[in-house]
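Structural overview for review
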Amino acid sequence: MSSEHSPSIIVFDVNETLLDIDTLAPLFSRLFDNEKILREWFAQLVLYSQTMTLSGLYTPFGELGVAALQMTADIHNVTLTKSDIDELKERMSKMPAHPDAVPALTKLTEAGFRLVTLTNSASSPSPTPLEKAGLSQFFEQHFSVETVGKFKPAPETYQMVAKELSVEMSELCLVACHLWDTIGAQAAGCHAAFLTRPYNALLSASNVPTPDFIASDLGTLTDQIILNNQSK
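Here the structure is a predicted model, which is why all the values come from computation and not from measurement.

Some details on helix 1 (residues 25-32)
- Every buried residue of helix 1 is listed here: A25, L27, F28, L31 and F32. Viewed end-on, helix 1 has its buried residues packed into an arc of 155°, placing them on one side of the element.
- On its buried side, helix 1 packs onto helix 2 (37-54), helix 3 (61-75) and helix 4 (82-93).
- Looking one or two residues beyond helix 1, the residue adopting positive phi is D33, at roughly 60°.

Re the packing of aromatic side chains
- The tally for this structure, following the rule as stated, stands at six aromatic pairs.
- Ring centres of W41 and F42 lie 6.2 Å apart, and the angle between their planes is 45°; on these two criteria the pair is classed as tilted. Taken individually, W41 and F42 each receive the classification buried, so the pair is uniform in this respect.
- Taken together, the aromatic side chains of F28, F32, W41 and F42 make up a single cluster linked through ring pairs.

Considerations on the pattern of salt bridges
- Taken as a whole and assessed by the stated rule, the structure comprises twelve salt bridges.
- Among the salt bridges present, the one from K94 reaches E90, with a minimum N-O distance of 2.6 Å.
- Overall, the relative accessible area of 51% leaves K94 in the exposed class.
- Across the pair R197 and D100 runs a salt bridge whose closest N-O atoms are separated by 2.9 Å.

Quick look at the side chain of H98
- Looking at the secondary structure, you find H98 in the loop between helix 4 and helix 5 (101-110).
- In terms of polar contacts, H98 uses its side chain to reach the side chain of R197, at 3.5 Å.
- Other than its neighbours up to four places away in sequence, H98 contacts E16, T17, L18, L19, D20 and R197.

A look at the layout of surface pockets
- Of the pockets and cavities examined, the largest pocket occupies roughly 680 Å³.
- Surrounding the largest pocket, 28 residues form its lining, S121, A122, S123, S124 and P129 being those nearest its centre.
- Within the residue set of the lining of the largest pocket, elements represented by two or more residues are helix 3, helix 4, strand 2 (114-119), helix 6 (129-132) and strand 3 (141-144).
- For the lining of the largest pocket, the element with the highest residue contribution is helix 4, accounting for four residues.
- Estimated volume of the second largest pocket: approximately 190 Å³.
- Around the second largest pocket, the lining residues are E16, R39, F42, A43, V46, H178, L179, W180, Y199 and N200.
- Those elements that provide at least two residues to the lining of the second largest pocket are helix 2 and helix 8 (179-187).
- Take the lining of the second largest pocket: its biggest share by element is four residues, from helix 2.
- Residues that form the lining of the second largest pocket fall into these classes: six nonpolar, two polar and two charged.

Here's the deal with the packing of helix 1 against helix 3
- Here helix 1 crosses helix 3 at 30°, and the two axes come no closer than 11 Å. Considering the angle they form, helix 1 stands roughly parallel to helix 3. Once helix 1 is placed against helix 3, the crossing between them reads as right-handed. Across the interface between the two elements, F28, L31 and F32 from helix 1 touch L69, T72 and A73 from helix 3.
- Looking at the contact of helix 1 with helix 3, its residues break down into five nonpolar, one polar and no charged.

Details of the sheet that holds strand 3
- The strand order across the open sheet formed by six strands is 3-2-1-4-5-6, and the pairing between neighbours is parallel. Each edge of the sheet is formed by a strand with only one pairing partner; in this case those strands are strand 3 and strand 6 (213-215). Each strand axis lies, on average, 20° off the axis of its neighbour in the sheet, ignoring direction.
- The pairing of strand 1 (residues 9-12) with strand 2 spans four bridges and is parallel. Bridged to I10 within strand 2 is L115.
- In the packing of helix 7 (residues 155-165) onto the sheet, the strands contacted are strand 1, strand 2, strand 3 and strand 4 (172-176), and the crossing angle to strand 2 comes to about 145°.
- The strands that helix 8 touches are strand 4 and strand 5 (191-195); relative to strand 5, the one it contacts most, it runs at about 170°.

About the cut-offs
Residues numbered from 1 in each chain as written. Predicted model: local features only at pLDDT ≥ 70, side-chain atom pairs only at ≥ 80, totals over all residues. Heavy atoms only, no water. Buried < 20%, exposed > 50% of the residue type's maximum accessible area, 1.4 Å probe, protein only. Helix = DSSP H or I, 4+ residues; strand = E, 2+ residues; numbered from the N terminus. Arc of directions from axis to C-beta. Contact = heavy atoms within 4.5 Å. Phe/Tyr/Trp six-rings, centres within 6.5 Å; stacked < 30°, edge-to-face > 60°. Salt bridge = Lys/Arg side-chain N within 4 Å of Asp/Glu carboxyl O. Polar contact = N/O pair within 3.5 Å; in protein donor to acceptor, adjacent residues only side chain to side chain. 1 Å grid on protein atoms, 1.4 Å probe; cavity = no way out; pocket = protein on both sides within 12 Å on 5 of 7 lines; lining within 4 Å. Points joined across faces, edges and corners; volume = space filled by probe spheres on them. Nonpolar A, V, L, I, M, F, W, Y, C, P; charged D, E, K, R; others polar. Axes fitted to C-alpha atoms, helices over the stretch in contact; angles between N-to-C directions. Parallel < 35°, antiparallel > 145°, perpendicular 65-115°, else oblique. Left-handed = near helix turned anticlockwise from the far one by under 90°. Pairing = 2+ DSSP bridges.

Pasting the structure below:
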């Protein structure tokens with residue numbers, strides 16, 4: 001564990017961890033004749049969001065998402081239309097929850113944990129993507145990195161959550177399916193629970209922190225967190 005204390009507040013990443021980005025695949029299949037280009041686009045989006053932060057710059061995540069789609073299209077010699085971009089925005093705003101999300105969130109709530117979200121996405125008017133997915137009611141608060149103008153895994157993003165909730169960093173546990181996110185959280189002093197959804201895996205190298213909890217589905221991950229809390 002990152003600390004001898006058990007976390008009392010579970011901080012959920014949103015995109016891919018709770019919401020299924022694979023529902024964007026039909027767009028990429030139509031544009032590129034290969035739905036796996038979705039992962040190339042998403043990797044570019046993450047890469048350049050982090051590049052902006054390291055460079056002391058900030059552009060909203062959604063805007064970077066559109067720009068990354070244009071970049072990917074340019075790389076593959078595909079011409080985008082306004083309707084293609086509108087479809088990306090529409091699909092991103094309506095991503096459904098993963099099937100394991102509601103049962104896991106329900107179990108954590110019943111176990112007495114406080115739940116919040118922390119996302120790279122900018123805040124949006126109601127109905128939000130989490131409201132549309134039927135998950136918003138599980139969380140007491142939703143945090144966006146736009147508040148600090150830096151993308152995860154910058155330490156300021158996780159510190160913002162602790163500051164706003166008036167708790168120590170060690171009271172937080174980030175749940176994410178991206179190891180770069182859990183690495184950032186642990187480096188900032190949080191606990192971390194790594195969800196190994198498809199296309200995500202551990203990185204075995206020196207000085208890379210091992211997440212406190214690891215599982216391939218939210219139900220199992222939730223059980224680990226609850227069991228650890230009960231054993232303290």
